[in-house]
Structure formats: structure tokens, C-alpha cells
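# Observations on chain architecture
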Amino acid sequence: MAVGQLTRARLVRVNGVLLAMLAVSVVAAAAIGPVRIDWRRAFDLSLASPDAVILFRTRIPRVLMAAIVGGALATAGAALQALLRNPLADPHLLGVSSGAALAGVCALVLRPVLLGHTLVVPAAAFAGALASMWIVVGLSRVDRRLESYTLLLVGVIYNAFAGALLMFINSVVDFYQAHNVLFWLMGSLGTTDYTVVGALALYTLVGLVMLLARARDLDCLSLGDDRAAELGVRVERARVVTFVAASLLVGAVVSVSGMIGFVGLVIPHLVRLRTGSDHRLLLPASYLAGAIFLVWADTAARTALGGTEMPVGVVTALCGAPFFVYLLRRERRRAGM
Amino acid sequence: MLVAIAALAALPARADEASPSPRPTVPARIVSLAPSVTETLFALGAGPRVVAVSTFCDYPPEVRSLPKIGSFVAPSVEAIIAQRPDVVIGAPSPGNHEAALALERVGIAVVAPDPEHLAAMPDVIRTIAAAAGVPDEGERLVARIEREMAAVRARVAGLPRRRVLMAVGQDPLVGVGDTSFIGELLAEAGATNVAPPGVPWPRITLEYVVARDPEVIIDTSMGTEQQSGASGFWQRLPSLAAVRDGRVYAFRSDRILRPGPRLPAGFEDLARLVHPEAWR
Amino acid sequence: MTVREGTEGEDLTAPLLDLERVSFAYGRHVAVRELSLHVAEGEMLAIAGPNGSGKSTLLGLLSGVRRPSGGVVRLAGKDLSAYDRRTVARTVAVVPQESAIAFPYRVGEMVLIGRAPHLKGIGLESAHDVAVAEDAMRRTGVLALADRPLGELSGGERQRVIVARALAQEPRLLLLDEPTTFLDLRHAIEILDLLAELNARERLTVVAVLHDLTIAAMYFRRIAFLKEGALACDGPASEVLTEPTLRSIFDADVRVRIDEDGLPLVRPRRRP
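Quick look at the structure, then.

Thresholds, definitions, all that
- Sequence order sets the numbering: in each chain, residues are counted from 1 along the sequence as written.
- Written order determines the labels here, with chains lettered from A and ligands numbered from 1.
- Side-chain atom pairs in this predicted model are given and counted only at pLDDT of 80 or more, local residue features only at pLDDT of at least 70, and totals for whole chains, interfaces and linings cover all residues.
- Excluded from the side-chain calculations are hydrogens and water; all other atoms, namely the structure's heavy atoms, are used.
- Helix and strand definitions here come from DSSP, where helices need a minimum of 4 consecutive H or I residues and strands a minimum of 2 consecutive E residues; each element is numbered from the N-terminal end.
- Only protein chains enter the accessibility calculation, which uses a 1.4 Å probe; a residue is then buried when its area is under 20% of its type maximum, exposed when over 50%, and partly exposed in between.
- By definition in these notes, contact holds between two residues if any of their heavy atoms fall within 4.5 Å.
- Surface exposure here means Shrake-Rupley accessible area, sampled with a 1.4 Å probe, where a residue is shielded only by the protein chains that are shown.
- Two parts lose some accessible area (1.4 Å probe) when they are put together, and adding that loss for both gives the buried area.
- The term salt bridge refers to a side-chain nitrogen of Lys or Arg lying within 4 Å of a carboxyl oxygen of Asp or Glu.
- Counted as a polar contact is a pair of N or O atoms within 3.5 Å, where, for protein atoms, one must be capable of donating a hydrogen and the other of accepting one, and residues adjacent in sequence contribute only when both atoms are in side chains.
- Just so you know the grouping, Ala, Val, Leu, Ile, Met, Phe, Trp, Tyr, Cys and Pro go in nonpolar, Asp, Glu, Lys and Arg go in charged, and all remaining residues, Gly too, go in polar.
- Within the patch definition used here, like charges are joined within 9 Å and nonpolar side chains (Val, Leu, Ile, Met, Phe, Trp, Tyr) within 5 Å, considering only residues with over 30% relative accessible area and no salt bridge.
- Expected span, for any helix, means 1.5 Å times one less than how many residues it has.
- Two strands pair under a simple rule: DSSP has to find at least two bridges between them.
- Axes, fitted as lines to C-alpha atoms, cover a helix only where it is in contact. Angles between the N-to-C directions of the axes lie from 0 to 180 degrees.
- Within this scheme a cavity is a closed region of a 1 Å grid, computed over the protein atoms alone, that accommodates a 1.4 Å probe without allowing it to escape, whereas a pocket is open but has protein on both sides within 12 Å along at least five of seven lines; lining residues each have an atom within 4 Å of a point.
- Grid points are joined across faces, edges and corners, and a volume is the space filled by probe spheres set on the points.

### Quick word on the overall build of chain B
Along chain B, the regular secondary structure elements total 12 helices and nine strands. Burial analysis of chain B (280 residues in total) assigns 55% to the buried set. Looking at chain B alone, contacts between residues at least 24 apart form 61% of all its contacts between residues at least 6 apart. Carbon and sulfur atoms make up 55% of the accessible area of chain B, which totals about 11400 Å².

Put into C-alpha cells, the structure is as follows:
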């Protein structure tokens, strides 16, 4: 077609290829780790052998977690970039992540007092994410209008505020708690609990569906609020729903795995280079690409150093930052828009 | 913001911060900057001369009513000067280096011996005792501590080493490494540390732990009392010997974190978990 | 192009657009004050006036993007704010003055976005949608550019793409905010010729904000002047483009001459 529209065939083909790549990545990553597994014993489902425990309790949940988290971050990033009309927007920009982090850290620090159940911290962090979302939207709404510009500013300020509180907490706790806090913030995809993986999958699915339903609206929103209204979008509603869906994705992810940066920023760009900016393809493709990326980044993080592991955020930043600079320069070289 | 926190936590503790020389006379007013130093001073009988402590100092109980001069990490120089101390005794940390310099500039002596290694402990106590003007008490305390530690060591001597994992955090899993102070205690308690070697606080990949198969797990991130029984986290790794044998312990490690007079008691608690059979 | 359909329950005797004493204020600055105006179906209306006289605001009120703080805007007899936005978008399309586009859409993709108000649910574009978009691109002369990213185009080419997008909405009313500003002479004429043709053949109603009064006179049978948010005068070019009228509206000295085709030519008069 001369016009270059998004066809069903293309949608299926691109996502099909990415899905296949994800499946391969998940299987491969489950086979890779600092410890060599004896594969004859690894499929013993009674989990009496360490090889089986390693495969089914440490690797597979973790790889699944990486896929879900990577996908959620990339999709939220793409949606927020459309919402804010800014290709440099990162899902952690809107305050939801730091609110989640703050609540999570408070729970982490108070946990001995609270008779910790392992899920106290993620639950608190998620509650923090929802509360932050509510606060940021509430503060951004002026005369019942929600403008992207206001949202961005309020989000940035909220981030700064929450960040300051985090630093304060870190300065008053004792040495070992400070360490714990720091490590939690740096992010970790390690989990042995399939219920956490399942819950995360569920929450992110809800957010994902909300965004996919609005994909065309996002194309319109990215042209400007007035343009979107002229094209028939109910702008206020679309903005709020997008923000809520993205916050749900980010909040769920940060609660369980801390702050992992660069995925939400870089993956949508990469995908856009190949698929174009139509959000009906960009959103699902970003999800899958983000999943693939984080699965491998996490594999590197947990394998590169033998028994110790790097925070996955370090790997994503090390890969993400130079790549991002390259992308940026390349875009700047083209005629300005 | 995160970079700043990371930088703060990553600065290594400094080597011995001892200033020129402690006052030859017996100082009448002492300020303590660290919990371990406070305990040591009181054990040396210099308690009545301690006029102010850090906010983290909580033992012996009477120090709770003493004026506080800031935290271990960030002491308040003004508050310290206001106490008119004859000597300030602390332990080196990235945060208090500036404070130490500031105090020396106004002519206040600062003594900060570094208890980074178990072997350095006797000298650390001697330095504190000398600074407090009670060197003989220092020798007595050193002797007592050595005696009590030796008693524990004797109990576990000759017993086969147990594979032990000591964890200070579950998510992510952070362990006590062999190069840390507590790691050294573990080794002396007859344990083989399953954490990856060479790093004081390794962030451990879970599968590595499963492969090393610890027989005893001491988890300081769970609960406030010592209790037997595994938490859900460890239960999900059923192949571990420690889980199968019910040797997963929560542990409040506060006492043994301090290289001070209570160390032998904490050391014994630790050894009892590693080799309970030595106390039957 | 398809036949433009009326909306449900439409009063066919009413003008397509009817503004009744409409006001709009940005905070305390009143941009439009008590303005009343009718636009009949099939009209071509040019809106002119000094900078800051409220022309862009007026366009915003006509498209429904801005809600009046006083008075009523009616589209096809019904209060504009009572429609849902998608219905309005199938009826009214806007070509803005400039477009800052954040993402590297291609020309074809951008024009297809104009079909958004016609899409069913979460669907993809149908063959019909593609045909409409293609037609719009052909008429605006950008079909050959379909594959190019917008960022690589000149200002004029980009403007024509936006016009194509608006036409892809299959509107009954087309609102344009200074459509010829970035276009060279040839392309400006092409676009205006296109608008005139759509108006003549398909009764497309066109309302355009224009600075160039001579061109306005050539293509638009009716010109309305705004000054300080109010309607200063409104009528056919021959009545409205007179030296005293223009002098009072623009506070500038101009010369108006009628050329051999009977069209007014407006030019500024130099100070001696």
C-alpha cells in the first residue's frame, strides 16, 4: 500500500516474531547461571535435588519476573512519552516510583516492628504508588482540567520531595538498615515466589489492556491536546486513564523489584525505529522488546560476577546510557521537527 | 539522588584516625561517638566521665539519659564542642572524618581506632583505655574478653566445620562475607562461610546459595527474637540442608555488631547456633 | 470523496454554525467578547484582523476545543458542547497554524490519523479508510511523500500533509488557521484552489483565518474582521475591503485598488 497503514498482518508478524524471541530468551536464560546444573536431576519436581530447586525456584521465577517487569516498564514508558509529548520521558518521572520507593523503604525500615511477612514491603510500596498517583493527579488538576505540562511539573517536584525524604530516612537509620535500603532501591528481580510473579502478571495485564485500548488516542494525544480534541479524543479522560494505567504498571513493578531505569526510556525508542510510531503496534512491541531486554540484562547481572550479583539497574544503565546518547545524536542530526 | 546515597555507602571506612596523642592526664569529660566505644568506656569504669554519646548508643541503659551529639555517621560538631570535652573517642566512618578534622582544628583531641578486624580488637580497647586515662583497666578488659572468647573457641575446637550462611537481607539477598568483622567471628565459631569470598557484604545470587547447600542459616532480617523455624522465604528452597534439618534461625545481631565488652556473649550466641551440640 | 452526512436530529434550516453572543476569556484577558456570527453550509468565510484580535480563539470556539465563557455555539442547530467529541470530529476538521510533532510519524501514518474519529472501537483502518486517506493525499499533492518522515519535509510540505489529514476526516466544515503562511506561491494557490473546488463540488464549508487580504478577496466570498475580540465588520469583499474600513481596523494606512478582473488589491501605503 502506498499509504503505509498498519495492517493486521503486520501487527501479527511483528509481535509474533518478538514473542518467539521472548520465548527463546526465557528458555535460554533459565539455562544460564553462575552454577552449572545437572540436567538429569533438574526436573525432579519433588525439589529434593538442588538442581531442581535452582531451576524451578530461583531461575524460572526470576526470568519470568524479568520479562514481566521489562515489558511493563517499556510499555509504561511508551505511553508516558505519548502523554507528555516528549520522547525523553521515563516512567519514573511522574512521581509514582519514588512514592512507591518511599513507602517501601518505610516498611523495610519498620519491618522488625511490624512483624514482617515477606509481602509487607511490596504491599506497602504498591499502596505508596497508588497514593502517589492520586496525589499527583489531584495536585495537577486545576479547575477540573489536567494538563500534561502541569502533570510533568508536579511529578518532578513530587519526585524531588520523595527523594529528599528517602535521603533523610537513609541518614537516620543505622548502618545496616541503610545498606538494606540502598540495595532495595537499586532493584532486584530475584524471587522464589510464584504467587508474586502471578500477582504482578495480573496487575500489569490490567494496565496493559487499559493502554492498548487507548492506543490510537495516544497517537492523537502526542500531537497536542488541542489536536487530539479536534480528532475526536476526550482528552481529559484519555490523559487520566493513561496516567492511571501507566502508574499501575510502574507502581506494581517498583513495589516488587525496586527502581530499574532506562528500560522505559530506551526500549520505546528502539522499537519506534523499526515499527514506526503507531501506538497500536508500538505498545505491544515495546512490551515484548522490553521483556526480552530485561531478561538478558538480568541474566548478565546475575551471572557475570560468579556468586555475587550486580543490581540489574546497573546493567540497564550501562547498556542504556551510551545507546541513548547514540540515539539522541542521530535524531538531532536529522532536520529538526 | 541515588548516586549520592551510593557514594556515601560505598566510601570505605578509614584507617586508624588517631590524632597526635591522647592527653597524658585523666580526662574528666569524654564524648563518645560510637556505640561500641560507649560500651567499652563503661566497662572500663570510665562511665561517670562520659558526658555525651551518639544517638545510636543504647548500652548500658544509663546512657539513654545522656545528651546526644548526633549519629554515628554524622556527629554534630557544635554539640560536641558545647560539651567541652577533654577527649573525643569514636570509630572511623565516612561521615565523621570531617567532624574529626573540625574538632582537631579547635584543639580537641580525637581518638578513633579502627576495629575493622577481630585481631585488632585488643589494641582498639587499649587505645580507648589509654585515651580515657585507665590503661590498667584496659589490660584487664582485654584479658577478660580474650578469656571468654577463648572459652567459646575451645568448645567448638575440633568439631567439623559447618557450612553456614549468615544473611542480613532477604530481598535482595545480602550475606555476611568472610572479610567482614562478623564474617571473621563466624569463622572462629567453627563455620565455613558459604557466601562468595573476598567481599565483606556480598549480594548473593540465590542459586549460588542453593548450590553451596548451607547446613545452618542465620538470618538477621527476620524478626526480633532468636527463634527456630524457617520463614516462608527459606522454606521455598527445600533442598537446603538447613531447611531440611530445621536449622534456620532468626537472629538479632545487635550485640555482636559491636566490637566491645559484650562481644564474647554475642560470639557465644553465634557459636551456639553453629554448633549447638557443643553446649549440651 | 463520500457524501457528507448530516448529524442526527439536525435542523436543516439552521446555519451550520451559529455563534450567539459568545465570549471567551483567558483568565482575566477577554479574547472574544459577545460575538455573534452565522456560517451557512457551503459558505467560504475568511476571518481577518490585527494580531491579538481573537482570530485563533474564535477558531477554537468554532471547533469546540474552547468552551465559551458566555453565549452559545451551535453546530447544525445543536449546542456544540452537547455533542460527543467523535461526532464533532467527523464533522469539523482543523488545520492549525503550526504543528510541533514529537514523534517521527511518516506522512501516510499522519494522514491516516485523520481517520481516527471514524474508526470502530479498537480497530485498524479498513480499505475504505485507506482509500479516503489516499485521495486526500493525492488532492494535496503529497501522495508521493507517503513514506517520508515528517521531520524531513519542508514547512510547506508539512502543511499540506496536515491539510490532507484534515480532509481525511471527511468533514463538513474545515477550519484553517493561516494555511498559506508557510507555503510558496504555487502551493498556496494549489491549496486554495483545492478548497475552492471542494467548496464548489461538495459543499465543503470553509472558514479560514488569513492575513493576506488580496488572496482572501480572491477566494472567499465573505470576510469578517475582528478587532479586540469583537466583530468589526462582516460582508462581501467588495463592501468590506475599503480604505477607511481597513484604516480603522488595522490602524494602518492602506491603499485599495480594483484590478481589471474586478478584484480588490490591498497594499500598504508607504509613509512619505
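### Some words on the interface of chain B and chain A
Taken together, the contacts link 32 residues of chain B with 43 residues of chain A. Counting each side, the surface lost to burial between chain B and chain A is near 3400 Å², with a carbon and sulfur contribution of 66%. Scanning the region where chain B abuts chain A turns up four salt bridges. As a salt-bridge pair, R59 of chain A and E207 of chain B come within 2.7 Å of each other at their nearest N and O atoms. Seen at the junction of chain B and chain A, the total is seven residue pairs in polar contact (both at pLDDT 80 or more). A per-class count over the side of chain B that touches chain A returns 22 nonpolar, six polar and four charged.

### Side note on a nonpolar patch on the surface
A contiguous nonpolar patch, built from W134, I135 and L139 of chain A and spanning about 380 Å² of accessible area, is present on the exposed surface. Looking at where I135 of chain A falls in the secondary structure, it is placed in helix α4 (residues 120–140).

### A short note on helix α10 (residues 235–257) of chain A
Residues and elements named next belong to chain A. For α10, spanning 23 residues, the distance from its first C-alpha to its last is 32 Å, which sits close to the expected 33 Å at 1.5 Å a residue. In terms of residue burial, α10 counts as a mostly covered element, since 19 of its 23 residues are buried. Phi turns positive, to about 75°, at G258, one or two residues after α10.

### Topic: the sheet that holds strand β7 (residues 173–177) of chain C
Residues and elements named next belong to chain C. The sheet built from six strands is open, its strands ordered β6-β7-β8-β3-β9-β10 with mixed pairing. In this open sheet, the two strands that pair with only one neighbour each are β6 (92–95) and β10 (230–236). On average, each strand axis in the sheet is tilted by 15° relative to the strand beside it, whichever way the strands run. Bridge count between β7 and strand β8 (residues 205–209): five bridges; the pairing is parallel. Opposite D177, over in β8, you have V209 as the bridge partner.

### Brief notes about the pattern of salt bridges
Side-chain pairing between opposite charges can occur once the charged atoms of the two side chains come close. One pass over the structure, following the stated rule, counts 52 salt bridges over all chains. For D213 of chain B, the salt bridge goes to R163 of chain B, with nearest N and O atoms at 3.4 Å. Residue D213 of chain B is found in the loop between α8 (206–212) and β8 (216–219), and its partner R163 of chain B is found in strand β5 (residues 162–169); the two are separated by 50 residues along the sequence. Judged by relative accessible area, D213 of chain B falls into the buried class, the value being 18%. For E197 of chain C, the salt bridge identified is with R201 of chain C, shortest N-O distance 3.3 Å. Taken together, the positions of E197 of chain C and R201 of chain C, both in helix α6 (residues 185–202) and four residues apart, correspond to about one turn of that helix. Look at R201 of chain C and you get exposed, because its relative accessible area is 59%.

### Quick notes on the interface of chain C and chain A
Across the boundary between the two partners, chain C contributes 37 residues, which contact 36 residues of chain A. Carbon and sulfur atoms make up 63% of the surface buried where chain C meets chain A, a total of about 3200 Å² over both sides. The tally of links from chain C across to chain A stands at three salt bridges. Among the salt bridges present, the one from D226 of chain A reaches R66 of chain C, with a minimum N-O distance of 3.0 Å. Here chain C is connected to chain A by 10 residue pairs in polar contact (both at pLDDT 80 or more). Counting only elements with at least two residues in the side of chain C that touches chain A, the list comes to α2 (85–91), β6, α3 (107–113), α4 (127–139) and α5 (155–168) of chain C. When residues of the side of chain C that touches chain A are assigned to their parent elements, the largest contribution, five residues, is made by α3 of chain C. Here the residues of the side of chain C that touches chain A sort into 22 nonpolar, six polar and nine charged.

### Focus: the sheet that holds strand β3 (residues 87–89) of chain B
Residues and elements named next belong to chain B. If you trace the four strands from one edge of the open sheet to the other, you get β2-β1-β3-β4, paired in parallel fashion. One side of each edge strand has no neighbouring strand; the edge strands of this open sheet are β2 (50–52) and β4 (109–111). For this sheet, the mean inter-axis angle between neighbouring strands, taken without regard to orientation, is 35°. For strand β1 (residues 30–32) and β2, the ladder comprises two bridges, and the chain directions are parallel. Of the residues in β2, the one forming a bridge with V31 is A52. Sheet contacts for helix α2 (residues 35–43): β1, β2 and β3; angle to β1, the most-contacted strand, approximately 140°.

### Brief notes about empty space enclosed by the protein
Take a probe with the size of a water molecule and roll it over the atoms, and the empty space left behind shows itself. Evaluation of the coordinates by the stated rule reveals six cavities of 30 Å³ or more. Each pocket or cavity is described by its volume, and for the largest cavity that value is around 520 Å³. Lining the largest cavity are 33 residues, and of these G190 and T191 of chain A together with Q170, D171 and F233 of chain B lie nearest its centre. Those elements that place two or more of their residues in the lining of the largest cavity are α2 (50–83), α3 (96–114), α4 and α6 (175–186) of chain A together with α8 of chain B. Per-element accounting of the lining of the largest cavity gives the leading share, four residues, to α2 of chain A. Its residues placed into classes, the lining of the largest cavity shows 13 nonpolar, 11 polar and nine charged.

### Overview of unusual backbone geometry
Trans is the common state for peptide bonds, and a negative phi is the common state for residues other than glycine. The omega angle of the peptide bond from Y59 of chain B to P60 of chain B is -5°, so this bond is cis rather than trans. Tracing the chain through its elements places P60 of chain B in the loop between β2 and α3 (77–82). Located in the positive-phi region is R84 of chain B, a residue other than glycine, with phi close to 50°. Structurally, the position occupied by R84 of chain B is in the loop between α3 and β3. A positive phi angle, near 50°, is found at A76 of chain C, a position not held by glycine. Its location among the elements puts A76 of chain C in the loop between β4 (70–75) and β5 (78–79). Given the relative accessible area of 4%, A76 of chain C is considered buried.

### Details of the environment of R160 of chain C
All names here are of chain C. Summarising the element assignment, R160 is placed in helix α5. By relative accessible area, R160 is classed as buried at 6%. C-alpha of R160 to C-alpha of V107: the two residues are 53 residues apart in sequence and 10 Å apart in space. Excluding residues within four positions of it along the chain, R160 makes contact with T140, G141, V142, L183, H187 and I191. Within the local environment of R160, its side chain forms a polar contact with the backbone oxygen of T140, the two atoms lying 3.2 Å apart.

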